[in-house]
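Inside the fold
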Amino acid sequence: MLLADKEHLERDLKRSLLLLAEKELVFFEQALISVGTQAALIAGFASGIIIETASDLLPDAHMAIQVGWIFATTTGMVLEISCVVFAMQLSILAPGLALRGPEGS
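Here the structure is a predicted model, which is why all the values come from computation and not from measurement.

The next point concerns the overall build of the protein chain. When helices and strands are counted, the protein chain shows two helices and zero strands. Radius of gyration (C-alpha) of the protein chain: 24 Å, far over the 13 Å computed for a compact globule of 105 residues. Summarising its shape, the C-alpha atoms of the protein chain cover approximately 90 × 20 × 15 Å along the three principal directions. Looking at the protein chain as a whole, 11% of its 105 residues are labelled buried. Taking the intrachain contacts of the protein chain between residues at least 6 apart in sequence as the baseline, contacts between residues at least 24 apart amount to 76%. Element-wise, carbon and sulfur atoms account for 73% of the exposed surface of the protein chain, whose accessible area totals about 8,400 Å².

Rendered as structure tokens:
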């Protein structure tokens, strides 16, 4: 009887730990999706700024300012797109790695 109670408590403990790990995994997955969405939105704004800069925004500014502005917005857009890619990779690969990893990870 004591052995059965002990095994029952161990199963309940493992089940509750798995439920907690699942909640944590869902939380991190939602956070990564949120970061990826925000990065995609800001990258879209950066591409719009580059298009507007080339046509209307800085027509009479010094050439160095125009080049610096386009370089800064292009760098920002590239970094945001890389953030989207990394967030997508993590949201795809992280759940599988967390489930297949060693116990306690």
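A contiguous nonpolar surface patch, about 700 Å² in accessible area, is contributed by Ile81, Val85, Phe86, Met88, Ile92, Leu93 and Leu97. Summarising the element assignment, valine 85 is placed in helix H2 (residues 63-100). Accessibility expressed as a relative area gives 32% for valine 85, which makes it partly exposed.

Below, the discussion takes up H2. Between its first and last C-alpha, H2 extends 55 Å over 38 residues, near the 56 Å set by a 1.5 Å rise per residue. Along its length, H2 shows its largest kink, about 35°, at leucine 93, and proline proline 95 lies within four residues downstream of that point. All of the buried residues along H2 are Gln66, Thr73, Met77, Ala87, Ser91 and Pro95.

Counted according to the given criterion, the structure contains one aromatic pair. With 5.4 Å between their ring centres and 65° between their planes, phenylalanine 27 and phenylalanine 28 make a pair best called edge-to-face. On the basis of relative accessibility, which here comes to 45%, the residue phenylalanine 28 falls in the partly exposed class.

The next subject is the side chain of threonine 73. With respect to the secondary-structure elements, threonine 73 resides in helix H2. Here isoleucine 70 takes part through its backbone oxygen, which lies 3.1 Å from a polar atom of the side chain of threonine 73. Setting aside chain neighbours within four positions, we find threonine 73 in contact with Ala46, Ile49 and Ile50.

Definitions and cut-offs
- Residues numbered from 1 in each chain as written.
- Predicted model: local features only at pLDDT ≥ 70, side-chain atom pairs only at ≥ 80, totals over all residues.
- Heavy atoms only, no water.
- Helix = DSSP H or I, 4+ residues; strand = E, 2+ residues; numbered from the N terminus.
- Rg over C-alpha atoms; globule rule 2.2 N^0.38 Å.
- Buried < 20%, exposed > 50% of the residue type's maximum accessible area, 1.4 Å probe, protein only.
- Contact = heavy atoms within 4.5 Å.
- Areas by Shrake-Rupley, 256 points an atom, 1.4 Å probe, with all protein chains shown as cover.
- Patch = residues over 30% accessible without salt bridge, like charges linked within 9 Å, V, L, I, M, F, W, Y side chains within 5 Å.
- Salt bridge = Lys/Arg side-chain N within 4 Å of Asp/Glu carboxyl O.
- Expected span 1.5 Å × (residues − 1).
- Bend = angle between axes of the 7 residues up to and from the residue.
- Phe/Tyr/Trp six-rings, centres within 6.5 Å; stacked < 30°, edge-to-face > 60°.
- Polar contact = N/O pair within 3.5 Å; in protein donor to acceptor, adjacent residues only side chain to side chain.

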